[in-house]
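# Working through the structure, step by step
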Amino acid sequence: MPDCGYDMNGLNQAEESNDVGLLLSAVEFSWDSIITVTVDGVITSWNPAAERVFGYTKSEIIGKPSSLLSPNDRVDETRTALAKLRTGQPVENLETFRVRKDGTVFPVWLTAAPILDEDGAVVGVTAIHRDLTEMKRAFETAHRRTSIVEHSDHAIFERTLEGIITTWNPAAERMYGYTRQEIVGQSIDMLIGVDGSKEIKSILARIRAGEHLKEFETIRVRKDGTFFPVSLTISPIHDRDGSVVGVSTIARDRSERRKATAVRRSSATQESMLNTVMRSASIGIVVAGTDGSIQVVNRAMCDLLGYDEAWFLAHRLDDLVHPDEVEEGARDRARLIDGSKDPLATKVRLVRSDGATIWVSRAMLVIPGQDDRPDLLLIQTRNISAEHPAQQALA
């Protein structure tokens, strides 16, 4: 009668052989460093990942003490771990440091387990090292970026492609008026206003195409309903596969810049008007700093005193008046600078280039700067020598 049964011993051996093959394959192709050492710490096996991580080839390291892989300040830690493993206890997820062949110290996660013989005695150790260098670097980069975002003066926030806000930094709270708790999870429409839907659709289409928008000028609305000008830098957020999964926005409030532009235009207009008046005026006009230094003079003033423009620009108001009038002139200027906004009209004596003294009617007023503080003095003079009693007496 033929034997139709299976050879169970052979089958068990085949299964065991397959298991060992799978295990060896897993070790060989693992991304983690996997090594074995004796109970005395001598290295007995070394997979390709260990070569990449530590820099030693298998032929260089087999038979060497595992202490070669530990920095000097971690030798005691390694001995303690090895002593624990000799008692049959594993070491799990120990965050520590190791050293490469070139001397570079790097962070690792270490998991180690004892190797037991058939009697349960510890005969060796299997150690798995996971290199944390890239993970640590990524964490530090992310931490740095988070710190930059949190402490930035610009509003920075992110949203999904559906327009739901997912992050919101402190500067965004200050700019828009919403706290993080109020705005995260809400629609971007809260910041746009009633007429911004077309703009948002247009921006989203460009972002989906991978485009970056820089210095995009538009209008946004605060929590209190006030509209204000902003400049936006808008960028796509990609996942690991490169697909666009969200939108990052940096917003800069341009309210002050617009005010400054308006002030500059106004100042330019005023300066143009002043120049026109000074050129066409028949009376002498001088523009001086609050310290009395002459900055602008018209032709009529040059003709009145007989000096050219260069002479005026190199002198001060006190140099134009009779010595007996200097103190009174200084008091008048101080009064205007201290807050009097009314023009100051007086009669004073000026000294011409030929030494002659003339009487003039002088009107002096303050020109304020951008902060409304006194910036310049405008002095108008009209020759009244012919009609002044003192001058007539001299005649």
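So, a few notes on the structure that sits alongside this text. On a predicted model such as this, the values are computed, not experimentally measured, just so you know.

Here we take up the pairing of strand 9 (residues 227-238). Two faces belong to every sheet, and in a regular strand the side chains alternate between them. Of all 12 residues that make up strand 9, 9 are buried, and the element is covered over most of its length. Sheet topology places strand 8 (residues 213-221) next to strand 9; 7 bridges connect them, and they run antiparallel. Within strand 9, the position partnered with Thr 218 by the bridge is Val 230. Alignment of strand 9 against strand 10 (residues 244-253), held across 9 bridges, turns out to be antiparallel. Bridging from a neighbouring strand, Val 230 pairs with Asp 253 of strand 10. Linking strand 9 back to strand 10 in an antiparallel pair, the connection comprises 5 residues, with Gly 242 at a positive phi of about 90°.

Another aspect to go through is the nonpolar core. With 25 residues, the main nonpolar core has Trp 168, Met 175, Tyr 176, Leu 191, Ile 207 and Ile 234 as its most contacted residues. Taken together, the elements giving at least two residues each to this core come down to strand 6 (155-160), strand 7 (165-168), helix 6 (170-176), helix 8 (197-208), strand 9 and strand 10. Once you skip the residues sitting within four places of it in the chain, Met 175 turns out to touch Ala 155, Arg 222, Phe 228, Val 230, Ala 251, Arg 252 and Asp 253. Leu 304, Phe 312, Val 360 and Leu 377 belong to the second-largest nonpolar core, a separate cluster that totals 22 residues.

With that settled, consider unusual backbone geometry. Even without being a glycine, Asn 93 presents a positive backbone phi close to 50°. The residue Asn 93 is located in strand 3 (residues 91-99) in this model. Accessibility expressed as a relative area gives 56% for Asn 93, which makes it exposed. Phi is positive for Glu 215, which is not a glycine, with a value near 50°. Structurally, the position occupied by Glu 215 is in strand 8.

Reading the values: rules and limits
- Residues numbered from 1 in each chain as written.
- Predicted model: local features only at pLDDT ≥ 70, side-chain atom pairs only at ≥ 80, totals over all residues.
- Heavy atoms only, no water.
- Buried < 20%, exposed > 50% of the residue type's maximum accessible area, 1.4 Å probe, protein only.
- Helix = DSSP H or I, 4+ residues; strand = E, 2+ residues; numbered from the N terminus.
- Pairing = 2+ DSSP bridges.
- Core = buried A, V, L, I, M, F, W, Y, C linked by side-chain atoms within 4.5 Å.
- Contact = heavy atoms within 4.5 Å.

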